[in-house]
Amino acid sequence: MRKLAFTFRLAGRLLFPRRSAQRVVACMCVLGMALGLMLQILVRGVMDGMILEIERGVQVILPDFIVEDIAGGAEGVRGIAGIRKVTECRMGAAASSHGLCRFSTWAAEAMPAELLVAGSASPAGGQCLVSRSFAEKTGLAPGDKFVLHLPESTCCLKVGGIYRVPGRMLSPDVLLPRSTSCGADSLAVQLEPEADAQAIVAAIRQRAPKAQIHPANGDTQAWLAIIARAKQTMGFILYFCTLLSAFACGALFWVICLQHRQQFAVLFAMGMSPSRMRGLVLMMAGMIACTGLALGIPLAVLSLAQRESIRLAFSAIGFDAFPVHALDMELPAHATPQLYIIHSLISLAFVFLAAMPTFLSLPRVAAKLPGK
């Protein structure tokens, strides 16, 4: 225990010597590790939150699959494991009193409060819901008259509410009440969470070989794949920044080894074993890494909690990193404990890898000089 305490005090004295600029370098290494960890968690948390919010919003507005030309209607699909809901629906494009629009008679449930911009939450009783993008383009507001010209009839409705689509994904401009689905020619299929989509499609094709199946949110999935690739690219860039901080730590350890080689030689001559010298290097790396984590994790929690204030501050100086209006969503975040653990372990690994040259060389450097 005494040896461990001595090693800890010696590591602290070597990293943060009194009256020396070296302690400033050590503090900068700690700060670099903390900021690198904070940025990793902040960027990953925001992008994961954006993907999650887009997925949740699209699941409310669009089903997972559209099935056409199936014998037996909805009964031909019900009973397949993994399908949560099957609804007769009608989707397409039609002329309206406000121009051409995409419409749908399918809605999973009443519009959630976080997606409702104004008005009522469900298309019912002669009312419809319009997307905010379509409302901004046409000037529609709750209570306005909306006329849709279908091939077999003309529907005169009132705008009951306006909803937003996170990320402004491609979606119906107008959600019509179920009563408008007379003559529905499609089935909207909504899957259970974590359901095997390929197995379900195969089961539907087995029951109805002539059925036409296509995803209703294919464009959304393509956009989410682009976001995922952007997240990987930004993660690599931020890993590179963390790696630079780790290399700075490695350079600091090597400078300490060279500056104090005579003292290390004395310790070696007094009986300090090579393993204890290597342990001293690991102790210095651990002090830098753990201090960086102790600062970086609270900074990450604080930055995620104050992300909107940070966004406004950057917008004020002309750097709009997250265009809220263009994406039609507030700055999201989804940071799980797993995210903190993974990036903390990666930061630790970087520091200890950077310490390896000093870890391997310190006993040889000490042995080359005679003790004094």
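That block above? That's the structure.
The structure contained in this document is the topic of the report that follows. (Residues numbered from 1 in each chain as written. Predicted model: local features only at pLDDT ≥ 70, side-chain atom pairs only at ≥ 80, totals over all residues. Heavy atoms only, no water.)

1. Some points on the overall build of the protein
Cut-off, in case you're wondering: Only DSSP runs of H or I with at least four residues qualify as helices, and only runs of E with at least two residues qualify as strands; both kinds are numbered from the N terminus onward. We compute the radius of gyration over the C-alpha atoms and compare it with the globule rule, which gives 2.2 Å times the number of residues raised to the power 0.38. Working definition: with a 1.4 Å probe on protein chains only, accessible area under 20% of the residue-type maximum means buried, over 50% means exposed, and in between means partly exposed.
Across its full length, the protein holds 11 helices and 11 strands. In summary, the protein has a C-alpha radius of gyration of 31 Å against a globular reference of 21 Å for 372 residues, an excess of more than 25%. Taken over the C-alpha atoms alone, the protein extends approximately 100 × 50 × 30 Å along its principal axes. Out of the 372 residues belonging to the protein, those deemed buried represent 45%.

2. Here we look at the packing of helix H5 (residues 218-259) against helix H7 (residues 274-305)
Here is the rule we go by: Think of each axis as a best-fit line through the C-alpha atoms, taken over the contacting stretch in the case of a helix, with angles from 0 to 180 degrees between the N-to-C directions. The crossing is said to be left-handed when, going from far helix to near helix, the turn is anticlockwise and less than a right angle, and right-handed when the turn is clockwise. Pairs of residues are marked as contacts when any of their non-hydrogen atoms sit within 4.5 Å.
Two numbers describe how H5 lies on H7: the axes approach to 11 Å, and their chain directions differ by 145°. Considering only the axes of H5 and H7, their crossing is right-handed. Every residue of H7 that contacts H5 at Cys249, Phe253 and Ile256 is listed here: Met284, Ala285 and Ile288.

3. Some points on a positive patch on the surface
Threshold: Here a patch means residues that are over 30% exposed by relative accessible area and free of salt bridges, tied together within 9 Å if like-charged and within 5 Å if nonpolar (Val, Leu, Ile, Met, Phe, Trp, Tyr). Accessible surface area values rest on a Shrake-Rupley calculation with a 1.4 Å probe, where residue burial reflects the displayed protein chains alone. A pair is scored as a salt bridge if a Lys or Arg side-chain nitrogen falls within 4 Å of a carboxyl oxygen belonging to Asp or Glu. The positive count covers Lys and Arg only, the negative count covers Asp and Glu only, and His and the chain ends enter neither. Charge placement uses NZ in Lys and CZ in Arg. For Asp and Glu, CG and CD serve respectively.
Residues Arg13, Arg18, Arg19 and Arg23 make up a contiguous surface patch of positive charge. Mapped onto the secondary structure, Arg13 falls in helix H1 (residues 2-15).

4. Brief notes about the side chain of Thr242
With respect to the helices and strands, Thr242 occurs in helix H5. Thr242 gets classed as buried once you look at its relative accessible area, which sits at 1%.

5. Remarks on the environment of Gly167
Tracing the chain through its elements places Gly167 in the loop between strand E8 (154-163) and strand E9 (174-175). According to the relative accessible area criterion, Gly167 is buried, its value standing at 9%. Spatially, the C-alpha atoms of Gly167 and Thr87 are 26 Å apart, while their sequence positions differ by 80 residues. Setting aside residues no more than four positions away along its own chain, Gly167 makes contact with Ile54, Leu327, Asp328 and Met329.

6. Comments concerning the packing of H5 against helix H10 (residues 337-354)
Put simply, the rule reads: Gly counts as polar in this scheme, as do all residues outside two lists: the nonpolar Ala, Val, Leu, Ile, Met, Phe, Trp, Tyr, Cys and Pro, and the charged Asp, Glu, Lys and Arg.
Orientation of H5 relative to H10, taken along the N-to-C sense of each, is 35°, at an axis distance of 8 Å. Relative to H10, H5 is oriented so that their crossing is right-handed. Contacts from Tyr239, Thr242, Leu243, Ala246, Phe247 and Gly250 in H5 reach His343, Ile346, Ser347, Phe350, Val351 and Ala354 in H10. For the contact of H5 with H10, a count of residues per class yields eight nonpolar, four polar and no charged.

7. With respect to the state of the cysteines
Formally: Pairs of cysteine sulfur atoms within 2.5 Å are what we label disulfides.
Using the criterion set out here, one finds zero disulfides in the structure. Here Cys257 stays unpaired: no disulfide links it, and the sulfur of Cys249, its closest cysteine neighbor, is 16 Å away.

8. A word on the pattern of salt bridges
This structure, assessed with the given rule, holds four salt bridges. Of the charged contacts in the structure, one is a salt bridge between Asp173 and Arg102, with a shortest N-O distance of 3.5 Å. Taken together, the residues Asp173 in the loop between E8 and E9 and Arg102 in strand E4 (residues 101-104) connect sequence positions 71 residues apart. Between Glu308 and Arg311 there is a salt bridge, with its nearest N and O atoms 2.6 Å apart. Of this pair, Glu308 and Arg311 both sit in helix H8 (residues 307-316), three residues apart, which is roughly one turn of the helix. Exposure remark for Glu308: the relative accessible area of 26% places this residue in the partly exposed category.

9. Examining the packing of aromatic side chains
Spelled out, the test is: Each aromatic pair joins two rings of Phe, Tyr and Trp (for Trp, the six-membered one) with centres within 6.5 Å, and gets the label stacked for planes under 30 degrees apart, edge-to-face for over 60, and tilted for any other angle.
Counted by the stated rule, this structure contains two aromatic pairs. With 6.4 Å between their ring centres and 80° between their planes, Phe134 and Phe146 make a pair best called edge-to-face. Linking Phe134 in helix H3 (residues 132-138) with Phe146 in strand E7 (residues 145-149), this pair joins segments that are 12 residues apart in sequence. Each member of the pair, Phe134 as well as Phe146, is classed as buried. A ring pair is formed by Tyr239 and Phe350, whose centres lie 6.4 Å apart and whose planes are at 85°; its orientation type is edge-to-face. On the criterion of sequence distance, the pair formed by Tyr239 in helix H5 and Phe350 in helix H10 is long-range, its members being 111 residues apart. Here Tyr239 falls in the partly exposed class, since its relative accessible area comes to 21%. Phe350 sits in the buried class, given a relative accessible area of 18%.

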